[in-house]
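Working through the structure, step by step
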Amino acid sequence: MTTLTPLSEPAGRDFTLSDFDFELPPELIAQHPAAQRSGSRLLDGSSPVVVDRIFHELPSLLKAGDLLVFNDTKVVKARIFGEKASGGKLELLIERVLPGHQVVAHMKVSKKPLVGGKMYMMGGARDGGFDAVLMGRWPDENGQLFHLQLSDEPHALMEKHGHVPLPPYITHADTDEDAQRYQTVFARAPGAVAAPTAALHFDEGVLATLAARGVHTASVTLHVGAGTFQPVKTENIAEHTMHSEWYEVPEATQQAIADCKARGGQVVAVGTTTVRTLESWAKFGQASGDTEIFITPGFEFKVVDLLITNFHLPKSTLMMLVSAFAGYEHIMGLYRHAIAQKYRFFSYGDSMLLKRTPPKSQVS
């Protein structure tokens, strides 16, 4: 056990990008998942007394009547290789599926093809693959993404020809293990290009123990985009343009949250994507749509009481989110402890449990 004593922070402190930086030994970046999902470590940072635990202990930290909210998005095999008509190699990362066999994608290529240009993915339709025609940029002519017309149904094409879109800090090519483990056990709605990684620690045993303890569950959907790995490049974080992701909060989940609050239970978000979804719904009143919500210290949380999350990249928007949730000094202390105790970081890494800082003591 370690006791963290957060330093007092003056109201109105202006945070800069450098405040969210930290030194991480490269060997702590997890390249593979733990042998068992719930066998990963759990840093219990829900109080000033920090406790090192194993994830399967989570049910003992929650109470009957609490509500766990999961993101049920399903990672699709969105990374696909191909070539231009000139023979130049390219790579697509399909971010979003649109009607009419159209998609929005990131493109990695030495020289972008012209609008109307045909790309031959995995050999093209002529050789067992499929074709993609560039229709323009997205969402407008200055957009960073590309609007493409595919020759067949996108989800079927990704399943047949695609690769698991592992994060950029995982250095190996995707394997059968990744196809299974870079996916939650309750994934339902296909559309994500990155896993809601805090949920990767849950297995059937933990879920059964939670149910037996009287902990309720509900789900939302947020299709995690590649923008989740996009670095913040401006020292003034207010100048950062947040990426957009599609979300939905079903009526059943809205009711489950209302019931939980009424009985005095805690709403426990599994992952930052669930936080973004629930707080977008609470802030803007829309149960579904696109969100660009950017949560930084001073944000007033309206739904989430506890958060289960993995450890995040330095200078990332997710570091800012968890600092807003649990307090900047507390988070930085937890990260120092995690590094000293050699916790495993990022998508395949370990997790932590955080409690929301009361509004009166939130950093503003």
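1. A closer look at the overall build of the protein chain
Regarding its fold elements, the protein chain presents seven helices and 18 strands. At 21 Å, the protein chain has a C-alpha radius of gyration in line with the 21 Å of a compact globule built from 364 residues. Expressed along its principal axes, the backbone C-alpha trace of the protein chain runs to roughly 60 × 45 × 40 Å. Counting every position in the protein chain, which comprises 364 residues, the buried fraction comes to 54%. For the protein chain, restricting intrachain contacts to residue pairs at least 6 apart in sequence, the fraction spanning at least 24 positions comes to 71%.

2. Some points on empty space enclosed by the protein
Considering all chains together, one arrives at four cavities of 30 Å³ or more under this definition. Each pocket or cavity is described by its volume, and for the largest cavity that value is around 270 Å³. Together, 22 residues line the largest cavity, and Thr197, Thr228, His312, Leu318 and Ser347 are the ones closest to its centre. Secondary-structure elements contributing two or more residues to the lining of the largest cavity are helix H5 (272-284) and strand E17 (306-310). Here the residues of the lining of the largest cavity are counted per class, giving 12 nonpolar, 10 polar and no charged. Looking at the second largest cavity, its volume works out to about 90 Å³. Class assignment for the residues of the lining of the second largest cavity results in four nonpolar, five polar and two charged.

3. Section: the packing of aromatic side chains
Per the stated rule, a full pass over the model turns up 19 aromatic pairs. Seen in terms of ring centroids, Phe15 and Phe20 are 5.6 Å apart; in terms of plane orientation they differ by 40°. Their pairing is tilted. Taken individually, Phe15 and Phe20 each receive the classification buried, so the pair is uniform in this respect. When the centroid spacing of 5.6 Å and the interplanar angle of 85° are considered together, the rings of Phe20 and Tyr328 count as edge-to-face.

4. Side note on helix H1 (residues 154-161)
When H1 is considered as a whole, its buried residues turn out to be Pro154, Leu157, Met158 and His161. End-on view of H1: buried residues confined to an arc of 100°, all on one side of the axis. Opposite the buried face of H1, at more than 90 degrees from it, the exposed residues are Glu159 and Lys160. At its buried positions, H1 is contacted by strand E6 (79-84), strand E7 (89-98), strand E8 (102-109), strand E10 (130-138) and strand E11 (145-150). Capping the start of H1, Glu153 holds a side-chain oxygen 3.0 Å from the backbone nitrogen of His155, two or three residues further along.

5. Brief notes about the layout of surface pockets
Unfilled space is identified by rolling a water-sized probe across the atoms. Considering only enclosed or pocket space, the largest pocket measures out at about 1200 Å³ in volume. With five residues, the top contributor of residues to the lining of the largest pocket is E7. Taken together, the residues of the lining of the largest pocket sort by class into 16 nonpolar, 10 polar and 11 charged.

6. Points about the pattern of salt bridges
As enumerated under the stated definition, the model contains 12 salt bridges in all. For Lys118, the salt bridge goes to Asp131, with nearest N and O atoms at 3.9 Å. Of this pair, Lys118 sits in strand E9 (residues 118-121) while Asp131 sits in strand E10, and the two are 13 residues apart along the sequence. Ionic pairing is found between Glu245 and Arg276, a salt bridge with its closest N-O pair at 2.9 Å. Of the two residues, Glu245 is situated in strand E14 (residues 245-248) and Arg276 in helix H5; the sequence distance between them amounts to 31 residues. Glu245 gets classed as buried once you look at its relative accessible area, which sits at 2%. Sharing partners across several salt bridges, the network here consists of Asp44, Arg53 and Glu57.

7. Concerning the sheet that holds E10
If you trace the six strands once around the closed barrel, you get E6-E7-E8-E11-E10-E9, paired in antiparallel fashion. Ignoring which end each strand starts from, the neighbouring axes of this sheet average 45° apart. Of the strand pairs in this sheet, E7 and E8 are connected by eight bridges, and their pairing is antiparallel. Each bridged residue has a counterpart across the sheet, and for Glu91 the counterpart in E8 is Lys108.

8. Here's the deal with the sheet that holds E17
Here 10 strands make up an open sheet; going across it, the order is E1-E3-E2-E18-E17-E15-E4-E13-E14-E16 and the pairing mixed. Two strands bound the open sheet, and with one partner strand each, they are strand E1 (2-3) and strand E16 (288-291). When strand E2 (residues 41-45) meets strand E18 (residues 351-355), the two strands line up parallel, connected through four bridges. What sits directly across from Leu43, in E18, is Met352.

9. What to know about the pairing of E14
One face of the sheet, then the other: side chains in a regular strand alternate in exactly this way. The two faces of E14 differ: Glu245 and Tyr247 on one face are buried, but Trp246 and Glu248 on the other face are not. For strand E13 (residues 216-222) and E14, the ladder comprises two bridges, and the chain directions are antiparallel. Note on E14: the bridge partner recorded for Leu222 is Tyr247.

10. With respect to the packing of helix H6 (residues 317-326) against helix H7 (residues 328-340)
It is the contact of H6 with H7, at a shortest axis distance of 7 Å, that shows an interaxial angle of 120°. Relative to H7, the element H6 is oriented oblique. In this structure, H6 uses Met319, Val322, Ser323 and Ala326 to contact H7, whose residues at the interface are Tyr328, His330, Ile331, Met332 and Tyr335. In terms of residue class, the contact of H6 with H7 is built from seven nonpolar, two polar and no charged.

What counts, and where the lines are drawn
- Residues numbered from 1 in each chain as written.
- Predicted model: local features only at pLDDT ≥ 70, side-chain atom pairs only at ≥ 80, totals over all residues.
- Heavy atoms only, no water.
- Helix = DSSP H or I, 4+ residues; strand = E, 2+ residues; numbered from the N terminus.
- Rg over C-alpha atoms; globule rule 2.2 N^0.38 Å.
- Buried < 20%, exposed > 50% of the residue type's maximum accessible area, 1.4 Å probe, protein only.
- Contact = heavy atoms within 4.5 Å.
- 1 Å grid on protein atoms, 1.4 Å probe; cavity = no way out; pocket = protein on both sides within 12 Å on 5 of 7 lines; lining within 4 Å.
- Points joined across faces, edges and corners; volume = space filled by probe spheres on them.
- Nonpolar A, V, L, I, M, F, W, Y, C, P; charged D, E, K, R; others polar.
- Phe/Tyr/Trp six-rings, centres within 6.5 Å; stacked < 30°, edge-to-face > 60°.
- Arc of directions from axis to C-beta.
- Polar contact = N/O pair within 3.5 Å; in protein donor to acceptor, adjacent residues only side chain to side chain.
- Salt bridge = Lys/Arg side-chain N within 4 Å of Asp/Glu carboxyl O.
- Pairing = 2+ DSSP bridges.
- Axes fitted to C-alpha atoms, helices over the stretch in contact; angles between N-to-C directions.
- Parallel < 35°, antiparallel > 145°, perpendicular 65-115°, else oblique.

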